Amino acid sequence: MADRISEIKEAVIDGMQKVVPGKVQQALDEGIGPETILNEAMINGMAEVGQLFEDGEFFVPEMLVAARAMAAGMEVLKPYLQQADIKATGKVILGTVQGDLHDIGKNLVGMMLEGAAFEVIDLGTDVPPEKFVAAVKESGAQIVAMSALLTTTMPAMKTTIEALENAGVRDQIKIMVGGAPLSDQYAKEIHADGYSPDANRAVSLAKSLIAAA
Ligand code: B1M
């Protein structure tokens, strides 16, 4: 098992978009759990990519091909991570905040929420505050979920919350935030209703926010 996991991890790091899906399928066929593949091979692989970038050994193009390889692998994992045995739970507006193009973590959160029977309205990346506001007005969603991966884009979460307040819709929804540079403390500072460090806990957080609404 360790060999297969490190093969997938290396293929993600090397950006082998055509190789990763096949290796992920092989691992699943061998009985390796989807969460093990996700966490130990793919997320660890991306963490190593980040380290190589910090060390000046990788540049943006290498990060990008690694991200594409991971996304290709996630397509194979998706049905295995989701459980379709639960009734509709609620509606979530999801997006990566303005100025930020990172979407792997956001997509993973969306995938897990859908797996828990939430309806997810994915606004994509680089989402301006006014687009979140319009989506709240149009959709009747109970939750706005924002992702940010850059310290420079974290403040866009605060700006978005302020835009929701100014538009008079803040009280209609619960706001949850996540992404590598965030913390529970930051979430409290910007008056979000909750913070989750990962996609699994994003599901339990969303459920508890709906229950408290
Ligand atoms: Co960028 N990047 N990147 N990048 N990139 C990071 C984030 C960085 C940490 C790398 C590094 O220096 N070590 C660094 C940020 C430093 C900082 O701000 N402190 C960085 C930088 C600097 C940049 C650029 C500025 C580089 C440049 O141009 N010079 C640039 C910015 C572009 C922009 O957004 N405007 C940039 C660009 C890119 C690419 C486009 C090349 C690519 C993204 C492609 C894509 O997403 N489609 C990319 C990548 C791939 C990364 C790393 C290597 C991997 C990110 C990732 O996908 N991780 C990243 C290094 C790292 O994270 N170690 C890095 C895997 C993913 C599953 O984890 O997204 O953290 P993550 O999601 C987690 C949790 O955070 C959580 O759940 C997930 C796990 O379960 N989560 C939520 C996320 N959102 C959530 C929302 C929730 C709840 C939980 O509720 C709503």
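Model, not experiment: these values are computed from the prediction.

Peer 1: For the overall build of the protein chain, give the residues involved together with the corresponding values.
Peer 2: Across its full length, the protein chain holds nine helices and five strands. Moving toward the C terminus, one meets the helices and strands of the protein chain in the order α-α-α-α-β-α-β-α-β-α-β-α-β-α. A globule of 213 residues ought to have a C-alpha radius of gyration of about 17 Å, and the protein chain, at 18 Å, matches this closely. The principal-axis extents of the C-alpha atoms in the protein chain amount to approximately 55 × 45 × 25 Å. Burial analysis of the protein chain (213 residues in total) assigns 46% to the buried set. Put simply, 73% of the contacts in the protein chain that link residues at least 6 apart link residues at least 24 apart. As displayed, the protein chain offers around 10,400 Å² of accessible surface, 52% of which is attributable to carbon and sulfur atoms. Once the 17 positive and 30 negative side-chain charges of the protein chain are each reduced to a mean point, those two points are 7 Å apart.

Peer 1: Give me the lowdown on the pattern of salt bridges, citing residues and values where you can.
Peer 2: Under the criterion given, the structure shown has nine salt bridges. A salt bridge links Lys-106 to Asp-122; the nearest nitrogen and oxygen atoms lie 2.8 Å apart. Of this pair, Lys-106 sits in helix α5 (residues 104–115) while Asp-122 is found in strand β2 (residues 118–122), placing the two residues 16 residues apart along the sequence. Residue class for Asp-122 comes out partly exposed when judged on its relative accessible area of 39%. Ionic pairing is found between Lys-188 and Asp-184, a salt bridge with its closest N-O pair at 3.0 Å. Of the two residues, Lys-188 and Asp-184 both sit in helix α8 (residues 184–189), four residues apart, roughly one turn of that helix. With a relative accessible area of 56%, Lys-188 lands in the exposed category. The class for Asp-184 is partly exposed, based on a relative accessible area of 39%. Members of the salt-bridge network, linked through shared partners, are Arg-4, Glu-7, Lys-23 and Glu-30.

Peer 1: Explain the domain arrangement of the protein chain residue by residue, including any values.
Peer 2: When cut into domains, the protein chain gives domain 1 (2–83) and domain 2 (91–212). Listed as interface residues are 11 residues of domain 1 and, on the opposing side, eight residues of domain 2. For the pair domain 1 and domain 2, the summed buried area comes to about 830 Å², and 73% of that belongs to carbon and sulfur atoms. The largest per-residue losses of area from domain 1 upon contact with domain 2 belong to Met-74, Leu-81 and Gln-82, which jointly make up 49% of the total buried on that side. Linking domain 1 with domain 2 are zero salt bridges. The tally of links from domain 1 across to domain 2 stands at zero residue pairs in polar contact (both at pLDDT 80 or more). Of all the elements in the fold, those that place two or more residues in the side of domain 1 that touches domain 2 are α3 (34–54) and α4 (60–81). Considering each element in turn, the side of domain 1 that touches domain 2 owes the most residues, five residues, to α4.

Peer 1: Run through the site of the ligand, naming residues and quoting values.
Peer 2: Around the ligand lies a shell of 35 residues, among which Glu-54, Leu-101, His-102, Asp-103 and Ser-147 are the nearest. At 2.8 Å, a side-chain N or O of Glu-54 approaches a nitrogen atom of the ligand. Ala-180 is positioned with one of its backbone polar atoms (N or O) 3.1 Å from an oxygen atom of the ligand. Those elements that provide at least two residues to the shell around the ligand are α3, α4, α5, β3 (143–147), β4 (174–178) and α9 (199–212). Top contributing element to the shell around the ligand by residue count: α3, with six residues.

Peer 1: An account of the sheet that holds β3 is needed here, citing residue identities and associated values.
Peer 2: Across the sheet, which stays open at both edges, the five strands sit in the order β2-β1-β3-β4-β5 with parallel pairing between neighbours. The sheet is open, and its two borders are formed by β2 and β5 (194–196), each paired with just one other strand. Strand after strand, the sheet turns through a mean of 25° between neighbouring axes, direction not considered. The pairing of β3 with β4 spans five bridges and is classified as parallel.

How each quantity is defined
Residues numbered from 1 in each chain as written. Predicted model: local features only at pLDDT ≥ 70, side-chain atom pairs only at ≥ 80, totals over all residues. Heavy atoms only, no water. Helix = DSSP H or I, 4+ residues; strand = E, 2+ residues; numbered from the N terminus. Rg over C-alpha atoms; globule rule 2.2 N^0.38 Å. Buried < 20%, exposed > 50% of the residue type's maximum accessible area, 1.4 Å probe, protein only. Contact = heavy atoms within 4.5 Å. Areas by Shrake-Rupley, 256 points an atom, 1.4 Å probe, with all protein chains shown as cover. Lys, Arg positive; Asp, Glu negative; His and termini not counted. Charge placed at Lys NZ, Arg CZ, Asp CG, Glu CD. Salt bridge = Lys/Arg side-chain N within 4 Å of Asp/Glu carboxyl O. Domains from an automatic or database assignment. Buried area = accessible area lost by both parts, 1.4 Å probe. Polar contact = N/O pair within 3.5 Å; in protein donor to acceptor, adjacent residues only side chain to side chain. Near = heavy atom within 4 Å. Pairing = 2+ DSSP bridges. Axes fitted to C-alpha atoms, helices over the stretch in contact; angles between N-to-C directions.

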